[in-house]
Amino acid sequence: MRMPDRLDGGSGRGFFIEDAGYPDFVNWLVEQNALTMSKHVLRFLLRRGWSRLSHSPRSEVGRQLSGVVGKGLLTATSLPLLGMGRDVPNGRMRLRDGYLDLDWDTAASDAYFDRVNRTMRELSSTLGGRYASDPLSYLNRLITVHPLGGAPMGRNREEGVVNSYGEVYGCPGLSIADGSIMPGPVGSNPSLTIAALADRSADRIIDGFRR
Ligand SMILES: Cc1cc2nc3c(=O)[nH]c(=O)nc-3n(C[C@H](O)[C@H](O)[C@H](O)COP(=O)(O)OP(=O)(O)OC[C@H]3O[C@@H](n4cnc5c(N)ncnc54)[C@H](O)[C@@H]3O)c2cc1C
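S.K.: Would you mind showing me how to read helix α6 (residues 191-210) here?
M.R.: An α-helix turns once every 3.6 residues. As a result, residues three or four positions apart point the same way. Taking 1.5 Å as the rise per residue, α6 with 20 residues should run 28 Å; its terminal C-alpha atoms sit 29 Å apart, in good agreement. All of the buried residues along α6 are Ile194, Leu197 and Ser201. Buried residues of α6, viewed axially, fall in a sector of 65°; they line one side. Opposite the packed face of α6, turned more than 90 degrees from it, sit the exposed residues Leu192, Phe209 and Arg210.

S.K.: Looking at this structure, how should I read the environment of Lys71?
M.R.: Take Lys71: it is sitting in the loop between α3 (61-69) and α4 (73-76). Between the C-alpha atom of Lys71 and that of Asn33, which follows or precedes it by 38 residues, the distance is 14 Å.

S.K.: When you look at the packing of aromatic side chains in this model, what are you seeing that I'm missing?
M.R.: Any aromatic ring pair is given by two values, namely how distant the centres are and how the planes are angled relative to each other. For the structure on display, the rule yields two aromatic pairs. Between Phe15 and Tyr112, the aromatic rings sit 6.1 Å apart at their centres with planes inclined by 80°, giving edge-to-face as the arrangement. Taken together, the residues Phe15 in strand β2 (residues 15-19) and Tyr112 in helix α5 (residues 110-126) connect sequence positions 97 residues apart. Across the pair, Tyr112 and Phe15 agree in class, each one buried. Chaining the aromatic ring pairs together yields one cluster made of Phe15, Tyr112 and Phe113.

S.K.: Even after reading the chapter, I still don't get the sheet that holds β2, so can you show me in this structure?
M.R.: Backbone hydrogen bonds hold the strands of a sheet together, and the pairing may be parallel or antiparallel. Pairing in this open sheet of three strands is antiparallel, and the strands run β1-β2-β3 from one edge to the other. At either end of the open sheet lies a strand with only one pairing partner, and these are β1 (2-3) and β3 (81-85). The sheet contact formed by β2 and β3 spans five bridges and is antiparallel. Looking at β3, one finds that Phe15 is bridged to Gly85.

S.K.: Would you explain the site of the ligand in this entry?
M.R.: The environment of the ligand is made up of Val145, His146, Asp178, Gly179, Asn189, Pro190, Ser191 and Ile194. Taking Gly179, its main chain carries an N or O atom lying 2.7 Å from an oxygen atom of the ligand. Pro190 has a polar backbone atom sitting 3.4 Å from an oxygen atom of the ligand. Considered on its own, the ligand offers 1,000 Å² of accessible surface; in the complex 29% of this is hidden by protein. Broken down by class, the residue content of the shell around the ligand amounts to three nonpolar, four polar and one charged.

S.K.: So what exactly am I meant to see when it comes to a negative patch on the surface here?
M.R.: On the surface, Asp103, Asp105, Asp110 and Asp114 cluster together into a patch of negative charge. Following the sequence through the fold, Asp110 ends up in helix α5. Overall, the relative accessible area of 40% leaves Asp110 in the partly exposed class.

S.K.: Can you walk me through unusual backbone geometry in this structure?
M.R.: Peptide bonds are trans in most cases, and residues, glycine excluded, mostly fall at negative phi. Notably, Asp97 is not glycine yet its phi reads approximately 50°, a positive angle. Here Asp97 lies in the loop between β4 (92-96) and β5 (99-103). Judged by relative accessible area, Asp97 falls into the exposed class, the value being 73%.

About the criteria used
Residues numbered from 1 in each chain as written. Predicted model: local features only at pLDDT ≥ 70, side-chain atom pairs only at ≥ 80, totals over all residues. Heavy atoms only, no water. Helix = DSSP H or I, 4+ residues; strand = E, 2+ residues; numbered from the N terminus. Expected span 1.5 Å × (residues − 1). Buried < 20%, exposed > 50% of the residue type's maximum accessible area, 1.4 Å probe, protein only. Arc of directions from axis to C-beta. Phe/Tyr/Trp six-rings, centres within 6.5 Å; stacked < 30°, edge-to-face > 60°. Pairing = 2+ DSSP bridges. Near = heavy atom within 4 Å. Polar contact = N/O pair within 3.5 Å; in protein donor to acceptor, adjacent residues only side chain to side chain. Areas by Shrake-Rupley, 256 points an atom, 1.4 Å probe, with all protein chains shown as cover. Nonpolar A, V, L, I, M, F, W, Y, C, P; charged D, E, K, R; others polar. Patch = residues over 30% accessible without salt bridge, like charges linked within 9 Å, V, L, I, M, F, W, Y side chains within 5 Å. Salt bridge = Lys/Arg side-chain N within 4 Å of Asp/Glu carboxyl O. Lys, Arg positive; Asp, Glu negative; His and termini not counted. Charge placed at Lys NZ, Arg CZ, Asp CG, Glu CD.

In structure tokens form, the structure reads like this:
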């Protein structure tokens, strides 16, 4: 689901909401947490024991086994939502005692995050669902699997580390061709944009050899 930007007819900063499809084995992990699993197994063993003791001719192994697995209602009725968008890229990464440290205050992105949350809430209410936001967001902690930036491109060395071809300012012959050169989020999932930039950078390197 795409929410437009002020650049394409909407307002504020645009974003996508995506359905986080996950593999079936994750359903099992979610459903079969240690507590429910041990309760179900205990009930199964008690029922099997009773069937043996009572010499009942009625086999209920199938039903009892499916009781161990459970109804799977939590995962069957859950829809994880992902928000991909253009929060304000005003953080700074630096090395502190040899480790990467990120200094990022999300205040400038508050209106954007509120809009993503509000839209997800409306979406789940329209679907008749109950909305639960990521618990880490209450601690002002965000999760991303799209780490970008660090050596961002800019129009000159004051503005960025590399130019639009990934060439490092002040280090002729050194190019960077990965997500670190993105000056901010692209809005959608970034890997094709990163690949396109890397392709452009590689063409430039080859052209340099030809010259
Ligand atoms: C769970 C998950 C799901 C994702 N889903 C999507 C998706 O659906 N669509 C999408 O567009 N993007 C997705 N992404 C994001 C996408 O994978 C990344 O944005 C993209 O791969 C980043 O490319 P990159 O070249 O910058 O870095 P990477 O692909 O991370 O490449 C970095 C490489 O450097 C190597 N490396 C690291 N340190 C060293 C070292 N010291 N020496 C030598 N090599 C080193 C690593 O092994 C790795 O091969 C997803 C990411 C995750 C984690």
